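Chain by chain, the residues run as shown.
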Amino acid sequence: MSLENTTKLTSPTIQLLVQQEAVTFFLTFNLLVCGEIIGVLGIVGNVINIVAFTKEGLQDSVNITLSALAVSDIGALLTQMVVNICFSPFWNGADIQYSSLVVFSTMFFYPREYFMRVSGLITAFATSERCMCVLLPLKVKGIITRKVAAVVVGSIFVVISAYMFPPYYVTYFDWGLDTKRNQTKILLLYRNNPETVLRVSYLITDMFVPYATFFILILCNAVIVVRLRSSWRWRRTVTSGKHSGSKEISGKEKKLVKMLTTVSIIFLLCLTPQSAMLTALGIVRELKINGPYFDVSLLVYSFTFLLETINCSVNIIVYYNMSSKFRERIQTWLPCLRRAKDIS
């Protein structure tokens, strides 16, 4: 998706389906208030994640994967915070030398999407690794080694960087006449026949990669849940008559199933709306920038961007509540959390 004027909602070419006041309110509240606050907290949380996993030791492939995920989430949050400002309705009428912040928006929008794709694929890799642990518990350590994990996550960062090439290849910045203001400004211009390049890029990076990520996550988590439940039923049959042992196994495995289900639900709930929006843009061209229904797109973006910010920020909460080792380390750094838990 190319960025042009994201703030001029009163253009005569646009038929407002949503009141401009409503769009302005949600852009301000969702992005500039909630998005910025959650983004700052998320960056702090991911820095803590990186430090905690580093302290535990990067000899473990899982720690390498989760550290890489935290790095990608920080990149996504930093660029998202800039994009939030660029989408701010307060730029309406601003007399600046940039065409409604098109240049500035473009510089940060695509890196943001890059980091989101990287985070998704690293999450899929972590889930795949966990799935292999369930299916091949005796062989997985020889397959997913520390070196393999480092190579895979490093390759994800490098390969997905190609996502930013097509949009930057077909666009460039140059001085031009802003006909709406009759002023010379820095504009976002397109090279000859950009549609072909952007269409191919859209199909691969905005359609195939996100939905392939969702498919891997759903498939791996489904396999894990089915395998663990099957294992639990088998152990319950074998240990029939040993009530306490059966109950203990059931509790542990139910907790693991709950954790995996929760992680999957959070990821899918937070990222599916944005992918659905990108799919809609490919089908309903009126939703695109400068289209007659772009006000609807802006309203939806205010929520999908916020959901993606939440997704990149909540991992520390998941780790703290579901990993005793991680929780103990955090409580060592912040004894107030241990005291609060003891009081509760």
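Residues numbered from 1 in each chain as written. Predicted model: local features only at pLDDT ≥ 70, side-chain atom pairs only at ≥ 80, totals over all residues. Heavy atoms only, no water.

1. Here's the deal with the overall build of the protein chain
1) Next: When you go through the protein chain residue by residue, the secondary structure sums to 12 helices and 2 strands.
2) Next: What you see in the protein chain, going N to C, is helices and strands ordered as α-α-α-α-α-α-β-β-α-α-α-α-α-α.
3) Next: A burial count over the protein chain gives 46% of its 344 residues as buried.
4) Next: Of the contacts formed within the protein chain by residues at least 6 apart in sequence, a portion of 76% connects residues at least 24 apart.
5) Next: With the model as given, the accessible surface of the protein chain reaches about 18,000 Å², and the carbon-plus-sulfur share is 67%. (Helix = DSSP H or I, 4+ residues; strand = E, 2+ residues; numbered from the N terminus. Buried < 20%, exposed > 50% of the residue type's maximum accessible area, 1.4 Å probe, protein only. Contact = heavy atoms within 4.5 Å. Areas by Shrake-Rupley, 256 points an atom, 1.4 Å probe, with all protein chains shown as cover.)

2. Observations concerning the packing of aromatic side chains
To describe a pair of aromatic rings, you give the distance between the ring centres and the angle between the ring planes.
1) Next: Tallying each qualifying case throughout the model produces 15 aromatic pairs.
2) Next: An angle of 55° between the planes, with centres 6.4 Å apart, marks the rings of Y110 and Y163 as tilted. Residue Y110 is found in helix α3 (residues 102-135), and its partner Y163 is found in the loop between α5 (146-160) and α6 (165-170); the two are separated by 53 residues along the sequence. The same class applies to Y110 as to Y163, namely buried.
3) Next: Clustering of aromatic rings is evident, with ring pairs tying together F109, Y110, Y163, Y168, Y301 and F305.
4) Next: Across the ring face of Y163, the terminal group of R117 is positioned such that the distance to the ring centre comes to 5.6 Å. (Phe/Tyr/Trp six-rings, centres within 6.5 Å; stacked < 30°, edge-to-face > 60°. Lys NZ or Arg CZ within 6 Å of the ring centre and 35° of its normal.)

3. Quick look at the state of the cysteines
1) Next: Counted according to the given criterion, the structure contains 0 disulfides.
2) Next: Cysteine C131 is unpaired, with the sulfur of C220 as its nearest cysteine sulfur at 4.5 Å.
3) Next: The exposure class of C131 is buried, given its relative accessible area of 7%. (Disulfide = S-S within 2.5 Å.)

4. Some details on the nonpolar core
1) Next: Counting residues in each nonpolar core, the largest one holds 48 residues, and the members touching the most others are Y114, F305 and F326.
2) Next: Look past the residues within four positions of F326 in its chain and what remains in contact with it is N49, A52, F53, E56, I316, Y319 and Y320.
3) Next: Listed in part, the 5 residues of the second largest apolar core include V134, C220, I224 and L228. (Core = buried A, V, L, I, M, F, W, Y, C linked by side-chain atoms within 4.5 Å.)

5. A short note on the UniProt feature "transmembrane region" (unreviewed entry) in the protein chain
1) Next: Per the UniProt record, the feature "transmembrane region" (unreviewed entry) sits at residues 25-52, 64-91, 114-136, 148-165, 208-226, 256-278 and 298-320.
2) Next: As a span, residues 25-52 carries 100% helix and 0% strand, and end to end its C-alpha atoms are 38 Å apart.
3) Next: Taken end to end, residues 208-226 is 100% helix and 0% strand, and its first and last C-alpha atoms sit 27 Å apart. (UniProt positions renumbered as here; feature names shortened; annotations may be inferred.)

6. A look at the pattern of salt bridges
1) Next: Throughout the structure, instances matching the rule amount to 4 salt bridges.
2) Next: The partner of E113 in a salt bridge is R112, and the shortest N-O contact between them spans 1.9 Å. Per residue, the accessibility class of E113 equals that of R112, and both read buried.
3) Next: A salt bridge links E113 to R117; the shortest N-O distance between them is 3.1 Å. Residue E113 and its partner R117 are both found in helix α3; the two are separated by 4 residues, about one turn of the helix.
4) Next: We classify E113 as buried; its relative accessible area is 2%.
5) Next: Look at R117 and you get buried, because its relative accessible area is 8%. (Salt bridge = Lys/Arg side-chain N within 4 Å of Asp/Glu carboxyl O.)

7. Overview of helix α9 (residues 294-313)
1) Next: Compared with the 28 Å implied by 1.5 Å per residue over 20 residues, the 28 Å span of α9 between its first and last C-alpha is a close match.
2) Next: Along α9, 15 of the 20 residues are buried, which leaves the element largely enclosed by surrounding structure. (Expected span 1.5 Å × (residues − 1).)

8. Concerning the packing of helix α10 (residues 315-322) against helix α11 (residues 324-333)
Helix-helix packing is characterised by the crossing angle of the two axes and by the distance between the axes.
1) Next: Across the interface, α10 lies against α11 with an axial gap of 5 Å and an inter-helix angle of 105°. By the angle between their axes, α10 is roughly perpendicular relative to α11. Residue-level contacts link I316, Y319, Y320, N321 and M322 of α10 to S324, F326, R327, I330 and Q331 of α11.
2) Next: Partitioned by chemical class, the residues of the contact of α10 with α11 number 6 nonpolar, 3 polar and 1 charged. (Axes fitted to C-alpha atoms, helices over the stretch in contact; angles between N-to-C directions. Parallel < 35°, antiparallel > 145°, perpendicular 65-115°, else oblique. Nonpolar A, V, L, I, M, F, W, Y, C, P; charged D, E, K, R; others polar.)

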